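# Secondary and tertiary structure notes
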Amino acid sequence: MAGDVHEQVFNEKQFFTEDVVGEDEHEGQQVSAIRLPGVVPSSGSGASTGRPLAKPAAELVAERTVAPTKSGTGGAARERRRKRAAERATKIVYWLETKYDVLPEVCSGFENWKEAPSASYDFDLLWCDTAIPADRFMKLKQYQKMNHFVGMSSITRKNNLGRNLLRMRKQFAKEYRFFPDTWILPTDLSDLKQQFSNSKNKTFIVKPDNGCQGKGIFLVRDVEKVPVDFSTTYVAQRYIHKPFLLDGFKFDLRLYVLVVGCDPLRIFLHRRGLVRLASEQYVEPTGKNLQQSMVHLTNYAINKMNPNFEENTNPDDAQDGHKRSWEAVQAHLRTLGHDVETLMEEIEDLIIKTLIAVQPSLSHFYHSCQPDDLENAMCFEILGFDVMLDHKLQPWLLEVNHAPSFATESDLDRVVKTEVLQDTMVLLNFSPEARRQKKREAREKMEQRAMGVSKKASMEERMVQEQDIARERTAWEDAHLGSYKRLYPSEEKEKAYMHIHDAAINIWEVLMGGTSRRSVRLTQQPSDEATDGDGKGDKGRKGSKGGVDGAAGKEGGPPKRTPEQVREVVERLMAGCSARPRASEEARRRRGTKG
């Protein structure tokens, strides 16, 4: 592995881009392939062109030539608008940019939910199959929710996941042993080559940084076959050559993890999941069988092309087909005498540790885009955690998918994915009353600012509000979990993982050259102004002086940036630089201003 993983700093430009592909996206597929109301597919392909439905020429002429027949047309139009507004006040409106049929089916199944006529409509829910850029999130109102976090690519891109987990492993070697040894190529190429030895042949699996559906994945046992391409990033991992087998087949787990908040982290694991088997009997890798992808790879997109692939016909049967229900397989493992409860505890532990590693980054982007939001509820994301079990039933994290497939090609797919989506929509707690309240609050704040009487809450007051909201929300969620299980937060879990969370914050501060925003914690005491849960507080962390720029504000918080400074910070982050300019750069700027 790399000698010093701290040397490779985040390229945060990746967090703002949309190049993280979804699980079902093919090469060359454009965003126009999504399902949009009021558009028709082009005649040349199956993808939608995004063109509105065309009207006949005669109809267009008639529209231009027909004159109003009543003087009261304006009044009738106002009455129609009033009725639409009254109806809108009782509805939850969703806008879906998706190609999956199950999503509109689930949303339309809720009472008083309706689809928005356009993307510019005043919707409550925005769902997009692809990543959503930061500028689109910044334009959302506080009652609106979208299905992605800005910056989640810090774990959904394979190279970012490797770097972040390797950083944590340097501080917690035993606690972060749940992922295979990883090398980022070409950066760690020389270190990877040292792993090859004539005395014992080792197998490594190499993956493209941003691939999907198993494309571009291959196994190597020869140092000369390691790719040397400085224009492409690959991730190499030590191959798990003794996996746990089901009926002689290698398999992995697709687990659905819901994140509905980043400060504090709100993590849930659904009881439903998928077990995806390779379609050929497993044999240990040798120089002769490395190319047999249907033996060594468990990707559904690869194995379904095998004539021997069998679809599941009974979701409750743990031995039916090459894709099976995780619940049924758990029951099967219990009958074989395996300790499934300990296995699930280890899986839940690796999920929490993976997300804690990037919590400071997620929180930073969230609060930068929506600084006035106190509820931590404008983003959610259903992540697909891919986990493999070895022969000792130890779980290993393979990768995290930001856009897991919601295709329903079998009864098993439909059962699992429909329930995941239904339980997710319930946990999001959409409410017309809450939307109207937030609109009233926004109008009141605008009026107060116009009159010059607005009063900004202090950092202490804001922290008290955020904690009260977090506790109330936790109690509500616990009463509406459905088939989800809360993994985080709870007072017990916060105390157990506090040392890891504090280390993640310190790592982020070192990389970014600034001070992290004080995290919201259920166990934190609001009366302790400088305490953030570890007894030290912001003042106790290395390099922290009470503010992002090293200067405390009038109320102990970071000084407010001007619009020009905010624009500069965003430009620096998108260019892959630190949010804070170097001292020499700042000095040159001052000299230039004086001149």
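It should be noted that the structure appears before, not after, this text.
What comes next concerns the included structure. (Residues numbered from 1 in each chain as written. Predicted model: local features only at pLDDT ≥ 70, side-chain atom pairs only at ≥ 80, totals over all residues. Heavy atoms only, no water.)

### Description of the overall build of the chain
Looking only at helices and strands, the chain features 19 helices and 17 strands. Scored against the burial criterion, the 595 residues of the chain give a buried share of 50%. For the chain, the proportion of contacts with a sequence separation of at least 24, taken over those separated by at least 6, is 70%. In the form shown here, the chain has an accessible surface area of approximately 28,800 Å², with 51% of it arising from carbon and sulfur atoms. (Helix = DSSP H or I, 4+ residues; strand = E, 2+ residues; numbered from the N terminus. Buried < 20%, exposed > 50% of the residue type's maximum accessible area, 1.4 Å probe, protein only. Contact = heavy atoms within 4.5 Å. Areas by Shrake-Rupley, 256 points an atom, 1.4 Å probe, with all protein chains shown as cover.)

### A closer look at the pattern of salt bridges
Per the stated rule, a full pass over the model turns up 36 salt bridges. Close ionic contact of Arg177 with Asp181 constitutes a salt bridge, the shortest N to O distance being 3.7 Å. Owing to a relative accessible area of 15%, Asp181 belongs among the buried residues under this scheme. Between Glu399 and Lys207 there is a salt bridge; the shortest N-O distance is 4.0 Å. Placement of the pair is Glu399 in strand E16 (residues 395-401) and Lys207 in strand E8 (residues 204-208), with a sequence separation of 192 residues. Through salt bridges with shared partners, a single network forms among Arg266, Arg473, Glu477, Asp478 and Arg486. (Salt bridge = Lys/Arg side-chain N within 4 Å of Asp/Glu carboxyl O.)

### A closer look at the side chain of Asp263
Along the chain, Asp263 turns up in the loop between strand E12 (249-262) and strand E13 (265-277). Since its relative accessible area comes to 4%, Asp263 is described here as buried. Only 2.9 Å separates the side chain of Asp263 from the backbone nitrogen of Val520, close enough to count as a polar contact. For Asp263, the residues in contact, after removing those within four places along its chain, are Gln359, Ser363, His367, Asn376, Arg517, Arg518, Ser519 and Val520. (Polar contact = N/O pair within 3.5 Å; in protein donor to acceptor, adjacent residues only side chain to side chain.)

### Considering the side chain of Arg486
When you line up the elements, Arg486 lands in strand E17 (residues 484-488). Residue class for Arg486 comes out buried when judged on its relative accessible area of 13%. Within the local environment of Arg486, its side chain forms a polar contact with the backbone oxygen of Thr474, the two atoms lying 3.3 Å apart. In terms of polar contacts, Arg486 uses its side chain to reach the side chain of Asp478, at 2.7 Å.

### Description of unusual backbone geometry
Following Asp263, the chain continues into Pro264 via a peptide bond in cis, with omega recorded as 5 degrees. As for its placement among the helices and strands, Pro264 is situated in the loop between E12 and E13. Residue Pro489 is reached from Tyr488 by a cis peptide bond, and omega for that bond is 5 degrees. Within the secondary structure, Pro489 is located in the loop between E17 and helix H16 (491-512). Despite not being glycine, Asn112 shows a phi value in the positive range, around 65 degrees. Mapped onto the fold, Asn112 is located in the loop between helix H3 (102-108) and strand E4 (113-115). Classification of Asn112 by relative accessible area gives partly exposed; the value is 37%. In this structure, Leu393 takes a positive phi of about 65 degrees despite not being glycine.

### Details of helix H12 (residues 359-369)
Counting buried residues in H12 gives 9 out of 11 residues, a clear majority hidden from the surface. Taken residue by residue, H12 has Gln359, Pro360, Ser361, Leu362, Ser363, Phe365, Tyr366, His367 and Cys369 as its buried positions.

### A look at the sheet that holds strand E7 (residues 182-185)
One open sheet accounts for 4 strands, arranged E7-E10-E8-E9; its pairing is antiparallel. Edge positions in the sheet fall to E7 and strand E9 (218-220), since each of these pairs with one other strand and no more. Neighbour-to-neighbour, the strand axes of this sheet turn through a mean angle of 25 degrees, independent of strand direction. In this sheet, E9 lies alongside E8 in antiparallel orientation, the contact comprising 3 bridges. The residue of E9 that forms the bridge with Val206 is Phe218. Here helix H6 (residues 158-171) sits on the sheet and contacts E7, E8 and strand E10 (234-238); the angle it forms with E7, its principal contact strand, is near 130 degrees. (Pairing = 2+ DSSP bridges. Axes fitted to C-alpha atoms, helices over the stretch in contact; angles between N-to-C directions.)

### Describing the pairing of E13
In the case of a regular strand, side chains alternate between the two sheet surfaces. Counting buried positions over the 13 residues of E13 gives 12, a clear majority of the element. In this sheet, E13 lies alongside E12 in antiparallel orientation, the contact comprising 10 bridges. Within E13, the position partnered with Arg254 by the bridge is Leu274. From the end of E12 to the start of E13, which pair antiparallel, there are 2 residues. Bridging between E13 and E17 involves 4 bridges; their strand directions are antiparallel. From the neighbouring strand, Leu269 faces E17, where its bridge partner is Lys485. With 3 bridges connecting them, E13 and strand E14 (residues 323-325) associate as antiparallel partners.

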